[in-house]
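As a plain string of letters, each chain reads:
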Amino acid sequence: MLAIFLITCLQKANCKKEVSILQQQNIFYNIKTVVMPEKNSISRKTFLAQSSTLAAGVMLAPLAGFTASGAAFEKKIKVAVIGCGSVSNMYLPHLSKSPFVELVCTCDIKVDRAQKAAAKYNIPAHYANINDMLAAADFSLLVNLTNMQVHGSLNRLAIQAGKNVWSEKPMANTYKEGQELFLLARKNGVRIWGAPAVVNSPQFAFMAQTINSGKLGKVAAAHAHYGHLGPTWSAFFYEKGGGSLPDLGVYNLASLCGLLGPVKSVMAMTSIITKTRTVDDKGTISVEAEDNAMVMMDHGSGTFSHVMCGFNYFDPYGHEGNGQEKPTVSIVGTKGSMHLIGYDWKPFGVDLATIDDEKGKRYVPDTGAYVWEMGASVIAESLATGTEPRINAEHALHVLEIIEAARESQATGKRINLQSTFKWPMTL
Ligand SMILES: NC(=O)c1ccc[n+]([C@@H]2O[C@H](COP(=O)([O-])OP(=O)(O)OC[C@H]3O[C@@H](n4cnc5c(N)ncnc54)[C@H](O)[C@@H]3O)[C@@H](O)[C@H]2O)c1
């Protein structure tokens, strides 16, 4: 579309030579990757001003191919990955297979990790710190897989340098910082998105549509849980700014507010069950962030939900989640009940029973099309094709505010009202 638009403009301006070069070489400008204002989020005047400024600096790129639906996409997105630890072993295989991605560099303060990842995936460059990478590398999407505590500062540097960002959770270290980053990205004509990608699963879509169609009647209550015995490799999970809420509860919070709508207020209790831990990178450490949490949420109009998460849950399914055939997300209403089988980050199906089918059935069995580590690839596809992903930054920011409110509720013993919201229902 953009290419056709550009050619039309050039034709109108009587730029015959330029049109002919574009048509013959099958090469198109893509302004969408640098200017993707959210619908209704900025004025037309601002959009046009940003478009013209940024269009001056856009790159030429060859037509890259066709999406699954047959639509043409115009280029591969140049991607840099920062943080080459545990989770990069899941992201890099997925990114390296994406037709929308060109991996251009890796970065890690433990530079041997960046070097090994680059060598393994044939990535041409690697760096020991973000400043060197931003100064030297040409890319448009930063995939941030570092320790939680440095997400905010690294994401800010990337946005300031005009890069789009996909960030592992949390996308910032406080809700206020997240909001600042969101606005800064908008000002700079780029975007930021944050994990998790749970809303992308077909099981999430089915559950959302079931609720929205009224099949459950009036939804009253929901529950979700996720826990294991905690990561053993890095201390940051247990240090200030870490914790089981941003690492594990975040999936359930994203699912429940994605399904039931923005949360109006939160009451919570958090604690530390295991006071010291032994981890690979720092030996024995004192645990500072909560490793046990119960969060109650009021979604308005009387609907409540509850999340329990922690790093002290005996879990025979391990970190892979294989074999978890029991529900971890349950939603009940006046006309039906619905249970997501497996984890919301690794769903196997949805059990639904209603007044019209009391025995119920299992729907949307896993086809392997959705995997939790696909978030950055989904964003690259969205940037390449100009389509809006279901993953949504305001939703991730809302989840961040819920986590902060849960901690405030624990500290004060009070019910905490939230300010943020997001566009809901998410599947419309
Ligand atoms: N490991 C998992 O299974 C998993 C799953 C989902 C999400 N996550 C999320 O992914 C993120 C990373 O987790 P992980 O388990 O991979 O941790 P990790 O400790 O294995 O890896 C983090 C890497 O980031 C690097 N790093 C830290 N600060 C940096 C900086 N300023 N610049 C460049 N590199 C820096 C570290 O050296 C390390 O190699 C966290 O937000 C975590 O919540 C992890």
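The preceding data block contains the structure.
Being a predicted model, the structure only gives us computed values, none of them experimental.

(A) Up close: the overall build of the chain. Each helix and strand in the chain was counted, giving 12 helices and 21 strands. A total of 428 residues make up the chain; the buried ones form 52% of that total. Considering only contacts in the chain between residues 6 or more positions apart, those separated by 24 or more positions represent 67%. Only carbon and sulfur atoms are counted for the fraction: they give 57% of the accessible area of the chain, which is about 19500 Å².

(B) Here's a closer look at the packing of helix α9 (residues 202-212) against helix α10 (residues 244-260). Running from amino to carboxyl end, α9 crosses α10 at an angle of 35 degrees, the nearest separation of the two axes being 9 Å. Every pair of crossing elements has a handedness; the one defined by α9 and α10 is right-handed. Across the interface between the two elements, F204, M207, A208 and I211 from α9 touch S255, G258, L259 and L260 from α10.

(C) View of the environment of L397. By secondary structure assignment, the location of L397 is in helix α12 (residues 393-412). Each C-alpha atom of the pair L397 and Y175 lies 6.5 Å from the other, and the pair is 222 residues apart in sequence. With residues up to four places along the chain from it excluded, the contact list for L397 reads M171, Y175, G178, Q179 and F182.

(D) Layout of the pairing of strand β14 (residues 283-286). Note that strand β13 (residues 276-279) and β14 share four bridges and pair antiparallel. Bridge pairing in β14 links V279 to G283. Here β13 folds back onto β14, and the loop between the two strands holds three residues.

(E) Region of interest: the packing of aromatic side chains. Within this structure, the stated rule accounts for nine aromatic pairs. Seen in terms of ring centroids, Y226 and W345 are 5.6 Å apart; in terms of plane orientation they differ by 45 degrees. Their pairing is tilted. Here the residue Y226 occupies a position in strand β11 (residues 219-227), and W345 occupies one in the loop between β18 (336-343) and β19 (346-354), the gap between them amounting to 119 residues. For the pair Y226 and W345, one class covers both residues: buried. Ring centres of W233 and F237 lie 5.8 Å apart, and the angle between their planes is 85 degrees; this geometry places the pair in the edge-to-face category. Aromatic ring contacts, followed pair by pair, group Y226, Y251, Y343, W345 and W372 into a single cluster. In this structure, K163 packs its charged tip against the face of F139, placed 4.5 Å from the ring centre.

(F) Structural detail: α12. With 20 residues, α12 extends 28 Å from end C-alpha to end C-alpha; this agrees with the ideal 28 Å at 1.5 Å per step. In this structure N392 caps α12, since a side-chain oxygen of it lies 2.9 Å from the backbone nitrogen of E394. G413 occupies a position one or two residues after α12 and carries a positive phi of about 75 degrees.

(G) Structural context of the side chain of S167. Here S167 lies in strand β9 (residues 164-167). If we skip the residues at most four places from it in the chain, S167 touches N144, H151, N155, W193, G194 and A195.

(H) View of the site of the ligand. In the vicinity of the ligand there are 26 residues, among which S86, V87, D108, R113 and S234 approach most closely. Between the ligand and V87 there is a distance of 2.8 Å, counted from an oxygen atom to a backbone nitrogen or oxygen. One nitrogen or oxygen atom from the side chain of W233 is found 2.9 Å from an oxygen atom belonging to the ligand. Across the complex, the protein chains shield 92% of the 830 Å² of accessible surface that the ligand would expose by itself. Of all the secondary structure elements, the ones that give two or more residues to the shell around the ligand are α7 (151-160) and α10.

Rules and cut-offs
- Residues numbered from 1 in each chain as written.
- Predicted model: local features only at pLDDT ≥ 70, side-chain atom pairs only at ≥ 80, totals over all residues.
- Heavy atoms only, no water.
- Helix = DSSP H or I, 4+ residues; strand = E, 2+ residues; numbered from the N terminus.
- Buried < 20%, exposed > 50% of the residue type's maximum accessible area, 1.4 Å probe, protein only.
- Contact = heavy atoms within 4.5 Å.
- Areas by Shrake-Rupley, 256 points an atom, 1.4 Å probe, with all protein chains shown as cover.
- Axes fitted to C-alpha atoms, helices over the stretch in contact; angles between N-to-C directions.
- Left-handed = near helix turned anticlockwise from the far one by under 90°.
- Pairing = 2+ DSSP bridges.
- Phe/Tyr/Trp six-rings, centres within 6.5 Å; stacked < 30°, edge-to-face > 60°.
- Lys NZ or Arg CZ within 6 Å of the ring centre and 35° of its normal.
- Expected span 1.5 Å × (residues − 1).
- Polar contact = N/O pair within 3.5 Å; in protein donor to acceptor, adjacent residues only side chain to side chain.
- Near = heavy atom within 4 Å.

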